[in-house]
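# Examining the three-dimensional arrangement
Spelled out from the first residue to the last, the chains are:
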Amino acid sequence: DAGITQSPRYKITETGRQVTLMCHQTWSHSYMFWYRQDLGHGLRLIYYSAAADITDKGEVPDGYVVSRSKTENFPLTLESATRSQTSVYFCASLTSLDYSGNTIYFGEGSWLTVV
Amino acid sequence: AQTVTQSQPEMSVQEAETVTLSCTYDTSESDYYLFWYKQPPSRQMILVIRQEAYKQQNATENRFSVNFQKAAKSFSLKISDSQLGDAAMYFCAYIHFRGSTLGRLYFGRGTQLTVWP
């Protein structure tokens, strides 16, 4: 079924390991986003992308790397995981900024625990 | 710096009553969209209502309406005839569609709404 899928949904990893969270959308939405959600902080923007091969930093990019070689995929990599990166991660996409009826679509979240 | 401020971490309302959740934001741009999203315990993000900044008329979706004050940079959500199913975390958000911060989608810290029977 069409939509945004995130994988893995649940992950436990050790400090120092590299972890990649995948995000795939079945539409051709231009904009994609990665957020982390922590108690008391709401959703904080990590990185976003306006199109394939165009990415930019958000509010909390340190320790994360993204790429977008294809429009439909937007993986988020923790190069060397730390305990402070334990969080719930959400991927989102947006049709277009030119469309007044646009909607932001969210994935179901990826629960990451760093031990 | 907090770009979107939700000053009420928690709110509660009696079933069938009305409640208003507040949101203020900080931007120097004039072209943006505003959103309210609902997040139940399942963590699913559900769009409640959307407002285009260039529209003066306040958006309404059934029991949900907004009070958009552009000059004051305020975007409050009113829930009328509250139902038990309205209990959730509510997030305010905005995105610029022009300007140097084009495409950045910012969220507030959320307001946890409890609905009492």
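Since we're looking at a predicted model, the values are computed, not measured.

### Comments concerning the pattern of salt bridges
Counting across every chain of the model gives six salt bridges over all chains. A:Arg9 is the salt-bridge partner of A:Glu108, the closest N and O atoms lying 3.3 Å from each other. Of this pair, A:Glu108 sits in the loop between β10 (104–106) and β11 (110–114) while A:Arg9 sits in the loop between β1 (4–7) and β2 (10–13), placing them 99 residues apart in sequence. One salt bridge in this structure joins B:Arg63 and B:Asp86, with 2.8 Å as the shortest N-O distance.

### Some remarks on the side chain of B:Ser82
Residues and elements named next belong to chain B. Along the polypeptide, Ser-82 turns up in the loop between β9 (74–79) and β10 (88–96). A polar contact is formed between the side chain of Ser-82 and the backbone oxygen of Glu-17, at a distance of 2.8 Å. Residues within four places of Ser-82 in sequence aside, it is in contact with Val-13, Gln-14, Glu-15, Ala-16, Glu-17, Thr-18, Val-19, Arg-63 and Val-115.

### As for the layout of surface pockets
Approximately 390 Å³ is the volume found for the largest pocket. If you trace the largest pocket, you find 20 residues lining it, with A:Gln37, A:Leu39, B:Met89, B:Phe91 and B:Gln112 closest to the centre. Mapped by element, the contributors of at least two residues to the lining of the largest pocket are β4 (31–38) of chain A together with β10 of chain B. A per-class count over the lining of the largest pocket returns eight nonpolar, eight polar and four charged. In this model, the second largest pocket occupies a volume close to 200 Å³. In terms of lining, the second largest pocket is formed by A:Ile4, A:Arg9, A:Ile104, A:Tyr105, A:Phe106, A:Gly107, A:Glu108, B:Ser42, B:Gln44 and B:Met45. Broken down by class, the residue content of the lining of the second largest pocket amounts to five nonpolar, three polar and two charged.

### Digging into the packing of aromatic side chains
For the coordinates displayed, the defined rule picks out 18 aromatic pairs over all chains. Measuring from ring centre to ring centre gives 6.3 Å for B:Trp36 and B:Phe75, while their planes differ by 25 degrees; the resulting arrangement is stacked. With a gap of 39 residues between them, B:Trp36 in strand β5 (residues 32–39) and B:Phe75 in strand β9 connect regions that are remote in the sequence. Taken as a pair, B:Trp36 and B:Phe75 share a single burial class, namely buried. When the centroid spacing of 6.4 Å and the interplanar angle of 85 degrees are considered together, the rings of B:Phe91 and B:Phe107 count as edge-to-face. With B:Phe91 in strand β10 and B:Phe107 in strand β11 (residues 105–107), this residue pair connects regions lying 16 residues apart in the sequence. When sorted by exposure, B:Phe91 lands in the same class as B:Phe107, which is buried. One aromatic cluster is present, built from ring pairs that chain together A:Tyr31, A:Phe33, A:Tyr35, A:Tyr48, A:Phe106, B:Phe35, B:Tyr37, B:Phe91 and B:Phe107.

### Focus: the interface of chain B and chain A
The accessible area lost on association of the parts is a frequent measure of interface size. Taken together, the contact between chain B and chain A spans 22 residues of the former and 26 residues of the latter. With both chains or domains summed, chain B and chain A bury close to 2,100 Å², and 57% of this area falls on carbon and sulfur atoms. Ranking the residues of chain B by area buried against chain A places B:Arg43, B:Arg104 and B:Leu105 at the top, with a combined share of 26%. Counting across the interface, chain B meets chain A through zero salt bridges. Seen at the junction of chain B and chain A, the total is four residue pairs in polar contact (both at pLDDT 80 or more). Secondary-structure elements contributing two or more residues to the side of chain B that touches chain A are β5, β6 (46–52), β10 and β11 of chain B.

Reading guide: rules and limits
- Residues numbered from 1 in each chain as written.
- Chains lettered and ligands numbered in written order.
- Predicted model: local features only at pLDDT ≥ 70, side-chain atom pairs only at ≥ 80, totals over all residues.
- Heavy atoms only, no water.
- Salt bridge = Lys/Arg side-chain N within 4 Å of Asp/Glu carboxyl O.
- Helix = DSSP H or I, 4+ residues; strand = E, 2+ residues; numbered from the N terminus.
- Polar contact = N/O pair within 3.5 Å; in protein donor to acceptor, adjacent residues only side chain to side chain.
- Contact = heavy atoms within 4.5 Å.
- 1 Å grid on protein atoms, 1.4 Å probe; cavity = no way out; pocket = protein on both sides within 12 Å on 5 of 7 lines; lining within 4 Å.
- Points joined across faces, edges and corners; volume = space filled by probe spheres on them.
- Nonpolar A, V, L, I, M, F, W, Y, C, P; charged D, E, K, R; others polar.
- Phe/Tyr/Trp six-rings, centres within 6.5 Å; stacked < 30°, edge-to-face > 60°.
- Buried < 20%, exposed > 50% of the residue type's maximum accessible area, 1.4 Å probe, protein only.
- Buried area = accessible area lost by both parts, 1.4 Å probe.

Don't take any of this as a statement about function, it's just geometry.
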